[in-house]
Amino acid sequence: MTDESLAALGGTPIRTRSWPKWPRATDSTHRAVAEVLDSGRWAVSGPYTGQVCAERQFAAAFARFHNVPYCTPTTSGTGALTIALQAVGVRRGDEVLVPGLTWVACASAVANLGAVPILVDVDPATLAMSPAAAAAAITSRTVAILLVHPFCSIADIDAFSALAELHRLALIEDCAQSHGARWRDRPVGTYGQAGCFSMQQSKLLTAGEGGAVICRDPGLYDRLEQLRADGRRFVDEAVPGRLELTEVGAVQGRNLCLSELQAAVLLDALSRLVEENQHRAARVAELAKLLVGVPGVSMLDADPRVTERTYYNLVLRLDKGEFAGATVDAIARALSAELGTMVNPVYTPLNRHTLYRPTALSGDDLADLVIARLDPARFALPVAEAARQTCLTLTQPLFLDDETGMRDIAEALEKVRRHGDDLLKLDQDATALAF
Ligand SMILES: *Cc1c(COP(=O)(O)O)cnc(C)c1O
């Protein structure tokens, strides 16, 4: 083997240095966590200490960041979706439009409430839900649209707002991949009745696990607060030594409360979000220039209404003719080995995803009917499927590197492209190393 061989076949990788670490903790993160550890209060459900708890500080800061009055933090993005769906009134048997190309939690959160996810195909330009496909999927049972802003795209919020209004549907934005992105100069998450976020480890803002829902409507906020705290909400006047949550019970809640430790981590991380988003955007702009010299690789264009673009995953679309017709999986494995990081295809469409098993949930008298409605295989998702066969994603921490990282990425793509025949070998040998 010469050094020129693909790293996946034993050659020397393009990238030997490590990539920027993610998640990141600075001195201020350590201080913030230590303060909570010593504070005597680790949960919103603990007694008031005379200090505004970290969870309320984060909620206020995150609401202010979006210029909305309310934010309810949650244990996860899934928790955020769950209470948002409940708070806008989604009930058993209701249909909710969900994009067919996203993380499984978007659909499973709906199914776990007894509602029926209707998988909708995506727009080839953005890989976000297609407004035309969504319009065609609306029935008399449809009550809500779960609009995801995926990868590095924002869905066509204008079209979906109009569609939701026309059919009197709730619009919930899932911004788990787009913290800080802006559509027509306004943050995503502020257009729908509720904006949901995940702060899981891979996301742009993270405490390892975590989530939040933002909204403007006080009635909605009141339900969100109770839904995530076993039916409790904050008292108007907190008294030191007494619980800060009061029992209301206007809804059937559950415990989806973020801990004080996580809230402190998020509050600290939020102070770096804008700068990190700018850093990533600058790197992506450099990479875009370098990719002009690599045949068969392109990025998704941003809609001109996207005034602040964020990059959770950068999507690269491949012209596979330039890669000897190899599968995107083989190309992803070859790139992973060259770069020493996980390069993956986009999600497997939800109509055939291993982790999406909604029919396993049913089991009542209506089983046959329910199973028929939930069955993911009944939905056709040709655009999502085509994306799965042609698109790769690069993860966000790569774009916290300096410019040399972008040169490594471009070089790795070019090297892999030149080794089309070896890619075909990789396709046949499923045991070849990824990295
Ligand atoms: C990560 C993610 C979720 C789920 O968030 P968790 O915090 O993992 O529960 C939901 N929707 C999208 C689009 C995501 O990327």
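Residues numbered from 1 in each chain as written. Predicted model: local features only at pLDDT ≥ 70, side-chain atom pairs only at ≥ 80, totals over all residues. Heavy atoms only, no water.

Enquirer: Just checking my understanding: could you explain the overall build of the protein for this structure?
Expert: The helix and strand inventory of the protein stands at 13 helices and 16 strands. Here the C-alpha atoms of the protein give a radius of gyration of 23 Å, agreeing with the 22 Å that 2.2 N^0.38 yields for 435 residues. With the C-alpha coordinates aligned to their principal axes, the bounding extent of the protein is approximately 70 × 55 × 40 Å. The buried share among the 435 residues of the protein stands at 54%. Look at the contacts in the protein between residues 6 or more apart in sequence, and 72% of them connect residues 24 or more apart. Here the protein displays about 18,400 Å² of accessible surface, and carbon together with sulfur accounts for 51% of that area. With 42 positive and 52 negative side-chain charges, the protein shows a spacing of 2 Å between the two charge centroids. (Helix = DSSP H or I, 4+ residues; strand = E, 2+ residues; numbered from the N terminus. Rg over C-alpha atoms; globule rule 2.2 N^0.38 Å. Buried < 20%, exposed > 50% of the residue type's maximum accessible area, 1.4 Å probe, protein only. Contact = heavy atoms within 4.5 Å. Areas by Shrake-Rupley, 256 points an atom, 1.4 Å probe, with all protein chains shown as cover. Lys, Arg positive; Asp, Glu negative; His and termini not counted. Charge placed at Lys NZ, Arg CZ, Asp CG, Glu CD.)

Enquirer: I would appreciate a short explanation of the pattern of salt bridges in the present structure.
Expert: Once the charged atoms of two side chains with opposite charge are near each other, the side chains can pair. For the structure on display, the rule yields 27 salt bridges. Residue glutamate 322 is joined to arginine 417 by a salt bridge in which the shortest nitrogen-to-oxygen separation is 3.0 Å. Of this pair, glutamate 322 sits in the loop between strand E14 (313-318) and helix H9 (328-339) while arginine 417 sits in helix H12 (residues 403-418), placing them 95 residues apart in sequence. Counted as one network, the salt bridges with shared partners bring together Glu4, Glu322, Glu414, Arg417 and Arg418. (Salt bridge = Lys/Arg side-chain N within 4 Å of Asp/Glu carboxyl O.)

Enquirer: I tried to follow unusual backbone geometry on my own but got confused; where do I start?
Expert: When glycine is set aside, most residues are seen to have a negative phi, and most peptide bonds are trans. Looking along the chain, the bond that leaves tryptophan 22 and enters proline 23 is cis, with omega of 0°. Of note, proline 23 is situated in the segment before helix H1 (27-39). Unusually for a residue other than glycine, leucine 127 sits at a positive phi of about 65°. Its place among the elements puts leucine 127 in the loop between strand E3 (116-120) and helix H5 (131-137). The phi dihedral of phenylalanine 151 falls on the positive side, at around 60°, and the residue is not glycine. In this structure, phenylalanine 151 sits in the loop between strand E4 (142-148) and helix H6 (157-167). Judged by its relative accessible area of 2%, phenylalanine 151 is buried.

Enquirer: Sorry, what's going on with the site of the ligand here?
Expert: In the vicinity of the ligand, 15 residues are found, and the nearest of them are Gly77, Thr78, Asp174, Ser198 and Lys203. Aspartate 174 places a side-chain nitrogen or oxygen 2.7 Å from a nitrogen atom of the ligand. The separation between an oxygen atom of the ligand and a polar side-chain atom of lysine 203 is 2.9 Å. Residue assignment for the shell around the ligand shows that the elements contributing at least two residues are helix H3 (77-87) and helix H4 (105-112). Residues of the shell around the ligand, tallied by class, amount to five nonpolar, eight polar and two charged. (Near = heavy atom within 4 Å. Polar contact = N/O pair within 3.5 Å; in protein donor to acceptor, adjacent residues only side chain to side chain. Nonpolar A, V, L, I, M, F, W, Y, C, P; charged D, E, K, R; others polar.)

Enquirer: Explanation requested: the packing of aromatic side chains in the structure shown.
Expert: How two aromatic rings sit relative to each other is given by the distance of their centres and the angle of their planes. Applying the stated criterion across every chain yields a total of six aromatic pairs. Measuring from ring centre to ring centre gives 6.4 Å for phenylalanine 62 and phenylalanine 65, while their planes differ by 10°; the resulting arrangement is stacked. Highlighted residues: phenylalanine 62 and phenylalanine 65, both in helix H2 (residues 54-66), separated by three residues, approximately one helical turn. The class for phenylalanine 62 is buried, based on a relative accessible area of 0%. Ring geometry for tyrosine 70 against tyrosine 221: centres 4.4 Å apart, planes inclined by 15°, an arrangement best described as stacked. Of the two residues, tyrosine 70 is situated in strand E1 (residues 70-74) and tyrosine 221 in helix H7 (residues 218-227); the sequence distance between them amounts to 151 residues. Counting every residue linked through ring pairs, the aromatic cluster contains Phe58, Phe62, Phe65 and Phe197. (Phe/Tyr/Trp six-rings, centres within 6.5 Å; stacked < 30°, edge-to-face > 60°.)

Enquirer: Any chance you could explain the packing of H9 against H12 here in plain terms?
Expert: Packed helices, taken two at a time, are described by their axes: the angle between them and the distance between them. Relative to each other, H9 and H12 sit at 135°, their axes nearing to 10 Å. By the angle between their directions, the pair H9 and H12 is classed as oblique. Relative to H12, the crossing made by H9 is right-handed. When H9 is examined against H12, the residues Ile331, Ala334, Leu335, Glu338 and Leu339 are found in contact with a partner set consisting of Asp408, Ile409, Ala412, Leu413, Lys415 and Val416. Tallied by class, residues from the contact of H9 with H12 come to eight nonpolar, no polar and three charged. (Axes fitted to C-alpha atoms, helices over the stretch in contact; angles between N-to-C directions. Parallel < 35°, antiparallel > 145°, perpendicular 65-115°, else oblique. Left-handed = near helix turned anticlockwise from the far one by under 90°.)

Nothing here speaks to function; it is geometry throughout.
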